[in-house]
Amino acid sequence: MKLVCLLVFFALLSMEAMPGETRPAAESKSRFAMLDDVQLLATGLLQLGQSLKEFVQKTKGQINDIFQKLSIFDRSFSQLSDVTNIIKEEEEELKKTTTFLKANNEEIKNLSLEINTKVDNILQERSQLQTKVGGLEEKLTGLSKNIIPPDQMVEITALKEIIETQEKNIQNLLKAVKEQHDQLDYQSRKIKNLEEKLSTDVLQETLEKQNSRIPEDLSEYLTNSSTNTSFHTMDLPADCKEVFNRGERNSGVYSIQPNQSEPFNVYCDIAADGGVTVIQRRQDGSVDFDQTWEKYENGFGDLKGEFWLGLEKIYTISRQGESILLVQLEDWKGDRHSMEYQFTLEGPSSQYTIHLQHAAGDSLGAMTNQTSVRFSTKDRNNANSEINCSQQLTGGWWFNPCGDANLNGKYIRMRPKSQKERKSGIHWKPDHENSCFLKTTKLSVRHMPH
């Protein structure tokens, strides 16, 4: 455009320089008007050039932004590829584990059928022996009416003792077979439940959570399963005291079977003088204890962290004899307290009523010598009050009355200001003193020696 303007300008100059020609005054004015137009056109072109320059600079900035976003997208795509590979590997492991479990389940089914066959054979043999015993008794009755030679009497007595011994052996064998059969059924149900956990829902959860704990749970189950399939679960310890007596010296998760119930896992706190079964632990607020009656009855949380073992399991453990409830508390000042109570716990028909009597340790008032106090949750008020303490204070507990103690309340990391907040937190109220707001709590059960 600049070249065109210059050509026009020189053309006008050449026209002025031509000799022998005279132009009117009007033509001179027209020439100046054309120069003004040319100058206006040049000014417009300069402004257009400036606008083009700004547009180019803006376009460069947008292109740079696009390149940065493309770089971020490339990194994200690379990370997504890595995650996809990890998920594929985990899916392959899950498939292998599922295949193993199915094979294990088939083996257990075959063993169960074999045991059922043996039970039927034993029952038939027992029936035959009973028939023989009946015949022998009839013969003995007939012989008793006649004179029996001493040698025959000795033979008959020995035969009777042999039959009685066989009868006892058969009874013991039937009992052992029944226990093995029950354990096989339990293992089969456990494997079936685990297979359901490895369904589509679990795979979808694995896609959403890279750090899924399913492989860890599976490995823990397989470890237990490999031991249980040899039927050693028939000889599981009844509690953590028996775990200690069998030589274990490390605290951790163990399987127990109190009162011939179905086996379940507990955390055993093992010290130099024995082991106790932990039924509750609070330490960091990682688990929500404001749960329903069903949750408190069955248990929730992580046995290696915060958890509530479950009223049903606690009741099963407490039925084994005279029990001691150990309460261990630590407040936010670092002060620690420990108390022991002789206690009994009633079953579900009595809403797990607790009876306590202080036995040893600090005497801090709350729960001391309580009796006939039922357990309550936010959806089931069993307290001796029209007020639902669990709804007001959060968490399930043996409330009597509201406010004296609640070790299952809300985990609060600093002393609350309002009274309502203070009552909703984990607290323990000594006699004639303000409540202790607690950082950690632990409830354990041990049994007195017979």
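Residues numbered from 1 in each chain as written. Predicted model: local features only at pLDDT ≥ 70, side-chain atom pairs only at ≥ 80, totals over all residues. Heavy atoms only, no water.

Participant: I'd like a rundown of the packing of aromatic side chains, residues and numbers included.
Facilitator: Under the counting rule described, the total for this entry stands at 11 aromatic pairs. Relative to Tyr352, the ring of Trp293 has its centre 6.1 Å away and its plane inclined at 40°; by these criteria the two rings are tilted. Here Trp293, found in helix α7 (residues 293-298), pairs with Tyr352, found in the loop between β7 (336-345) and β8 (354-361); they are 59 residues apart in sequence, far enough to count as distant. Between the aromatic rings of Trp293 and Phe375, the centroid separation amounts to 6.3 Å while the plane-to-plane angle is 65°, which identifies the pairing as edge-to-face. Taken as a pair, Trp293 in helix α7 and Phe375 in the loop between β8 and α9 (389-393) lie far apart in primary sequence, 82 residues in all. The same class applies to Trp293 and to Phe375, which are both buried. The lysine or arginine in question, Arg281, covers the ring of Tyr267, its NZ or CZ lying 4.5 Å from the ring centre. Taking the ring centre of Phe289 as reference, the NZ or CZ of Arg282 above it sits at 3.9 Å. (Phe/Tyr/Trp six-rings, centres within 6.5 Å; stacked < 30°, edge-to-face > 60°. Helix = DSSP H or I, 4+ residues; strand = E, 2+ residues; numbered from the N terminus. Buried < 20%, exposed > 50% of the residue type's maximum accessible area, 1.4 Å probe, protein only. Lys NZ or Arg CZ within 6 Å of the ring centre and 35° of its normal.)

Participant: So what's going on with unusual backbone geometry? Residues and values would help.
Facilitator: With phi around 55°, Gln351 is a residue other than glycine that occupies positive phi space. Mapping Gln351 onto the fold places it in the loop between β7 and β8. At Tyr352, a residue that is not glycine, the phi angle is positive and equals roughly 55°.

Participant: How would you explain the pairing of β7 if you had to name every residue and give the values?
Facilitator: In this sheet, β7 lies alongside strand β6 (residues 323-331) in antiparallel orientation, the contact comprising 8 bridges. Opposite Leu326, over in β7, you have Glu340 as the bridge partner. Counting the residues that bridge the hairpin from β6 to β7 gives 4 residues, and of these Gly334 lies at a positive phi of roughly 95°. Where β7 meets β8, 7 bridges bridge the pair, whose relative direction is antiparallel. Residue Phe343 lies in a different strand from β8, and its bridge partner there is Leu356. (Pairing = 2+ DSSP bridges.)

Participant: Please set out the pattern of salt bridges residue by residue, giving values where relevant.
Facilitator: Taken as a whole and assessed by the stated rule, the structure comprises 7 salt bridges. The shortest N-O distance in the salt bridge between Arg246 and Glu242 comes to 2.8 Å. Among the residues examined, Glu242 registers a relative accessible area of 27% and is labelled partly exposed. Between Glu340 and Arg446 there is a salt bridge, with the nearest N and O atoms lying 2.9 Å from each other. Taken together, the residues span a long stretch of sequence, with Glu340 in strand β7 and Arg446 in strand β11 (residues 436-447) at a distance of 106 residues. Judged by its relative accessible area of 27%, Arg446 falls in the partly exposed class. Overlapping salt bridges bring together Asp235, Glu242 and Arg246 as one network. (Salt bridge = Lys/Arg side-chain N within 4 Å of Asp/Glu carboxyl O.)

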